[in-house]
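Breakdown of the fold
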Amino acid sequence: VTDAGITLLTRAEQLDTLALRETQITDSSIESLAQIKSLRTIWVGQTKVTDAGLEKLQKALPNAKVQRQHFETQSDLTYHFGSILSQISLQVSIR
């Protein structure tokens, strides 16, 4: 996933969880991600997103959990896998 790819996600109206760990995204993706108001959990660990970018995204999406760590707790892991089907569905509908 790159910054260019993130722009496609702005069309997703029901995306609530997004795991972007180990992708090529940078702070350039923040404005696009901020448009996805349905997001509740976003992981951006091991990307090129800076602390300033992370803070900007958190301010833009105050109801979301924006974090670098991936799966901090067992409930995070369960929540993530519980929404995998919606992510797969989104990928199919965008293509």
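The following paragraphs examine the structure supplied in this document. (Residues numbered from 1 in each chain as written. Predicted model: local features only at pLDDT ≥ 70, side-chain atom pairs only at ≥ 80, totals over all residues. Heavy atoms only, no water.)

What follows concerns the overall build of the chain. Summing up its helical and strand segments, the chain has five helices and three strands in all. Listing every helix and strand of the chain by position from the N terminus yields α-β-α-β-α-β-α-α. Classification of the 95 residues of the chain by burial places 38% in the buried group. Considering only residue pairs separated by 6 or more positions, the chain has 54% of its internal contacts joining residues 24 or more positions apart. As displayed, the chain has an accessible area near 5700 Å², and 52% of this comes from carbon and sulfur atoms. (Helix = DSSP H or I, 4+ residues; strand = E, 2+ residues; numbered from the N terminus. Buried < 20%, exposed > 50% of the residue type's maximum accessible area, 1.4 Å probe, protein only. Contact = heavy atoms within 4.5 Å. Areas by Shrake-Rupley, 256 points an atom, 1.4 Å probe, with all protein chains shown as cover.)

Bringing the environment of Ile-6 into the picture now. Note that Ile-6 resides in helix α1 (residues 3-9). The buried category is assigned to Ile-6, whose relative accessible area is 0%. Sequence spacing of Ile-6 and Ile-30 is 24 residues, and the spatial spacing of their C-alpha atoms is 9.1 Å.

So, on to the environment of Leu-15. Relative to the helices and strands, Leu-15 is located in the loop between α1 and β1 (17-19). Each C-alpha atom, one on Leu-15 and one on Thr-41, is 9.6 Å from the other, the two residues being 26 residues apart in sequence.

In spatial order, the strands read β1-β2-β3; together these three strands make up an open sheet with parallel pairing. Here the strands that pair on one side only, and so sit at the sheet edges, are β1 and β3 (65-67). Put simply, the sheet's adjacent strands are angled 5° from each other on average, direction ignored. (Pairing = 2+ DSSP bridges. Axes fitted to C-alpha atoms, helices over the stretch in contact; angles between N-to-C directions.)

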